[in-house]
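Here is how the chains run, residue by residue.
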Amino acid sequence: MSFNKNNPNPMGKIMGYLKQLSTEMGGSEQSRRVQNDEERLYRTRGPKYARVPSRPTLSASTTCTSLATSCGSQGTLSPNYATIPEIVSTESSSEDEPDSLENTRRHFQQLRQISLGNEFKYKMEMEIQSAKEDNLRNSVPYVKQLSTENNKTKADYSINGDGPTFGAAPKALYLWTQVFAAIAVSMGSLIVGFSSGYTSPALPSMNATLSITNEESSWVGGLMPLAALIGGIMGGPLIEYLGRKKTIIGIAIPFFLGWILIATAFNVFMVLAGRAFCGICVGVGSLAFPVYLGETLQPEVRGALGLLPTALGNTGILLAFFFGTYLNWSHLAYLGAALPVPFFLLMLATPETPRWYFTKGRAEDARKALQWLRGRNTNIDKELTALALSQEDSNRSGGNAFGQIFSRKYMRPVLIALGLMLFQQLSGINAVIFYASTIFKMAGSTLDENVCSIIIGVVNFVSTFIATAIIDRLGRKMLLYISSVSMIITLVTLGAYFYVRAVGIDLIAYGWLPLACLVIYVLGFSIGFGPIPWLMLGEILPSKIRGTAASLATGFNWTCTFIVTKTFHNIIVVIKMYGTFWLFAALCIAGLFFVIFFVPETRGKSLEEIEKKLTGSRRIRISSNKQTQNAC
């Protein structure tokens, strides 16, 4: 039966009127569904913006289709204007009107399901896009840090040309443990300096108590360099077989015994025995200290902290001079016996060097030591891998260390170390310091020679701290240049002063000149050729021969010290004082050319990079953490 208002059947006519009334009221069923969808979208996306069709709709079907596609990728964000209701006439006289209405309802339900699915897909896409942007924004500084080398980074980094800029993430250094290790080692250097400065204030009171001869007094002062020569030869095998830490701790005991022998001495032989013990410890420590610090400190601070032993060594000299004015030789020796105690306790708390552990195949111990030095939260995988690869390359060369010292591969770093030690002593520093009072007397200076000696000692003390502050800014070679030029100028000037005075010209108005020249000379030496050869001893020697080569260089240094100090008076007799100063100036000129052409700059470079440059070893590549795990 057809429901139509023209139907003669009364029931059909009533149903036709109701259907027409429903249609004229706006299609209530479809309108309610559309309105519910619009309200839901309004609540989901907020009152300001809603996803609306890109093109205006013309019919009920196109409205539903546009509403479905508006939740997908075809719509645009527009202000949420009020929806204009659409009046659709569904009047029809056909007999298949119910089928058409049912098809329309089914079509709308399908489009509504498509609309909900597209809306969910749109939400997921927006959330994924937002997460990607957040992850990218958060990861930019870290990625930027990993992708830059040698601080060659751009100043800013932005995303899509807008938003906040990000600078390169700074490389954090954990310094407390490295500073602690440097101070612990430098306490041993403090004892070395105290041993060197002991004889000057102690000999006068010792002569009055023990009644020693001038020859015995000279041996009290000169025995220590000879014993240090023996200690330097012994130190190389000790640091290779016992380890750097155990060797350094071990010298605390002979130091203590030597000072106790001197303090309780009732004849000169006990004093000489004590000086011999201290001298051997001085020789061992002078090579063990720079090797330990060179293998434990990071390149960024290796220059400043590596000079700390030299600074505390000069502090030990001043300490001996200061307390020597109030204490006699025995009480001053007791003070020297007390210094090894804190040195011993501090060294117990420091680790062995990771590099020595690798030479013994103890990779896990090397990891623990390096983690302690770099900080508990620092990633050490890259540095550990470099150490492992460097040791692997060293092991591949084979042979014993002593036989390879003068091999073609290791010849260059060994000769550089020996050259630095040679020109350090041929500059005449020890002769000038030891005979400063005599030089002032011969110069006829108007100032008191004792006061001048004290001034030079203070300058020597202060200048080392100046070098500590600027060495990582200017570099090793620049300080060696400054040191050489300043020593050359002052030595030439001193030679000219003594020459003019020797020909009979009165220079009383220039009595201040010798002190000024010696102050500049000592200042120049103390910021360059004084500490840097010892610092570079632990930097330029390859790991394969480091202990043996350091032993050779240390013994060579003490040999040159003894020769220059012993022959100074003989040289003066032969070529006069002015000729002696000009000879030292000529040797400093040779040292300057040696630095220019042969000495490499090691500032900011790892030991592996320095070794690769000097020996031509294979390039070290670090590709992943997997290499670290395999190496360890």
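Residues numbered from 1 in each chain as written. Predicted model: local features only at pLDDT ≥ 70, side-chain atom pairs only at ≥ 80, totals over all residues. Heavy atoms only, no water.

A. Structural view of the overall build of the chain. For the chain, the helix and strand inventory stands at 28 helices and 2 strands. Long-range pairs, those at least 24 residues apart, make up 79% of the contacts in the chain between residues at least 6 apart in sequence. Total accessible area on the chain is roughly 32100 Å²; 62% of this is exposed by carbon and sulfur atoms. (Helix = DSSP H or I, 4+ residues; strand = E, 2+ residues; numbered from the N terminus. Contact = heavy atoms within 4.5 Å. Areas by Shrake-Rupley, 256 points an atom, 1.4 Å probe, with all protein chains shown as cover.)

B. Looking closely at unusual backbone geometry. Residues other than glycine seldom take positive phi values, yet K576 does so here, at roughly 70°. Mapped onto the fold, K576 is located in helix 26 (residues 546-598).

C. Geometry of the packing of aromatic side chains. The full count for this structure, using the stated rule, is 16 aromatic pairs. Arranged with centres 5.4 Å apart and planes meeting at 70°, the rings of F194 and W259 form a pair that is edge-to-face. Pair noted here: F194 is in helix 5 (residues 176-197) and W259 is in helix 9 (residues 252-263), with a separation of 65 residues, a long-range link. Owing to a relative accessible area of 0%, F194 belongs among the buried residues under this scheme. Aromatic pair F461 and F465: ring centres 5.1 Å apart, planes at 70°, arrangement edge-to-face. A residue pair is termed a helical-turn pair when its members lie 3 or 4 positions apart in one helix, as F461 and F465 do in helix 22 (residues 449-474) at 4 residues. The exposure class of F461 is partly exposed, given its relative accessible area of 21%. (Phe/Tyr/Trp six-rings, centres within 6.5 Å; stacked < 30°, edge-to-face > 60°. Buried < 20%, exposed > 50% of the residue type's maximum accessible area, 1.4 Å probe, protein only.)

D. Broad picture of helix 23 (residues 476-502). For helix 23, which comprises 27 residues, the first-to-last C-alpha distance of 39 Å matches the rise-based estimate of 39 Å (1.5 Å per residue) to within 8%. Immediately beyond the C-terminal end of helix 23, within one or two residues, lies G504, with a positive phi of roughly 100°. (Expected span 1.5 Å × (residues − 1).)

E. The pattern of salt bridges, seen in detail. As enumerated under the stated definition, the model contains 10 salt bridges in all. Across the salt bridge formed by R362 and D365, the nearest N and O atoms sit 2.9 Å from each other. Looking at R362, the relative accessible area reads 36%, which means it is partly exposed. Between R374 and E383 there is a salt bridge whose closest N-O contact spans 2.7 Å. Of the residues examined, E383 reaches a relative accessible area of 30% and is grouped as partly exposed. By sharing partners, the salt bridges in this structure join E240, R244, E295 and R546 into a single network. (Salt bridge = Lys/Arg side-chain N within 4 Å of Asp/Glu carboxyl O.)

F. Geometry of a nonpolar patch on the surface. On the surface, a nonpolar cluster with roughly 540 Å² of combined accessible area is contributed by I253, F256, L257, V341, L345 and L348. Those elements that provide at least two residues to the nonpolar patch are helix 9 and helix 14 (340-348). Topologically, L257 is positioned in helix 9. Overall, L257 belongs to the partly exposed group, its relative accessible area being 42%. (Patch = residues over 30% accessible without salt bridge, like charges linked within 9 Å, V, L, I, M, F, W, Y side chains within 5 Å.)

G. Up close: the confidence of the model for the chain. Within the chain, residue pLDDT values average 76, and 67% of them lie at 70 or more. Counting contacts from residues 26-35, a segment whose pLDDT is below 50, to residues more than four positions away or on other chains yields 11 contacts. Considering only residues more than four positions removed or in separate chains, one finds that residues 618-632, a stretch of pLDDT under 50, has 28 contacts. (pLDDT = per-residue confidence, 0-100.)

H. Structural context of the side chain of T468. Among the structural elements, T468 can be located in helix 22. A residue is classified by how much of its surface remains accessible, and T468, at 16% relative accessible area, is buried. Looking at T468, its side chain comes within polar contact range of the main-chain oxygen of T464, at 2.9 Å. (Polar contact = N/O pair within 3.5 Å; in protein donor to acceptor, adjacent residues only side chain to side chain.)

I. Representation of the nonpolar core within the structure. The biggest cluster of nonpolar side chains holds 121 residues, and the ones touching the most others in it are Y198, F255, W259 and F343. Top element by residues in this core is helix 26. It accounts for 15 residues. Both domains that meet at this core, namely domain 1 (173-350) and domain 2 (404-617), each give it at least three residues. Counting 11 residues, the second largest nonpolar core, distinct from the first, contains F358, A363, A369 and A388. (Core = buried A, V, L, I, M, F, W, Y, C linked by side-chain atoms within 4.5 Å. Domains from an automatic or database assignment.)

J. Geometry of helix 24 (residues 513-527). With 15 residues, helix 24 extends 21 Å from end C-alpha to end C-alpha; this agrees with the ideal 21 Å at 1.5 Å per step. Every buried residue of helix 24 is accounted for by L513, P514, L515, C517, L518, Y521, V522, G524, F525, S526 and I527.

K. Spatial organisation of the packing of helix 19 (residues 411-426) against helix 26. Closest axis-to-axis distance for the helix 19/helix 26 pair is 3 Å, and the angle between their directions is 30°. For the element pair helix 19 / helix 26, the angle class is roughly parallel. When the residues that make up the contact of helix 19 with helix 26 are grouped by side-chain class, the tally is 20 nonpolar, 6 polar and 1 charged. (Axes fitted to C-alpha atoms, helices over the stretch in contact; angles between N-to-C directions. Parallel < 35°, antiparallel > 145°, perpendicular 65-115°, else oblique. Nonpolar A, V, L, I, M, F, W, Y, C, P; charged D, E, K, R; others polar.)

L. Molecular detail of the packing of helix 9 against helix 10 (residues 268-296). Close contact between helix 9 and helix 10 brings their axes to 7 Å; oriented N to C, the two are set at 160°. The pairing of helix 9 with helix 10 is recorded here as roughly antiparallel in orientation. Our pair here, helix 9 against helix 10, has a crossing hand that is left-handed. Residue-level contacts link P254, F255, G258, W259, L261 and I262 of helix 9 to M270, V271, A273, G274, R275, F277, C278, C281 and V282 of helix 10. Considering only residue class, the contact of helix 9 with helix 10 consists of 12 nonpolar, 2 polar and 1 charged. (Left-handed = near helix turned anticlockwise from the far one by under 90°.)

M. Structural view of the environment of T310. Mapping T310 onto the fold places it in helix 12 (residues 308-324). Taking the relative accessible area as the measure of exposure, T310 reaches 23% and is therefore partly exposed. On a C-alpha basis, the gap between T310 and G193 in space is 8.7 Å, while along the polypeptide they are 117 residues apart. Apart from residues no more than four positions distant in its own chain, T310 is found in contact with S189, T464 and P531.

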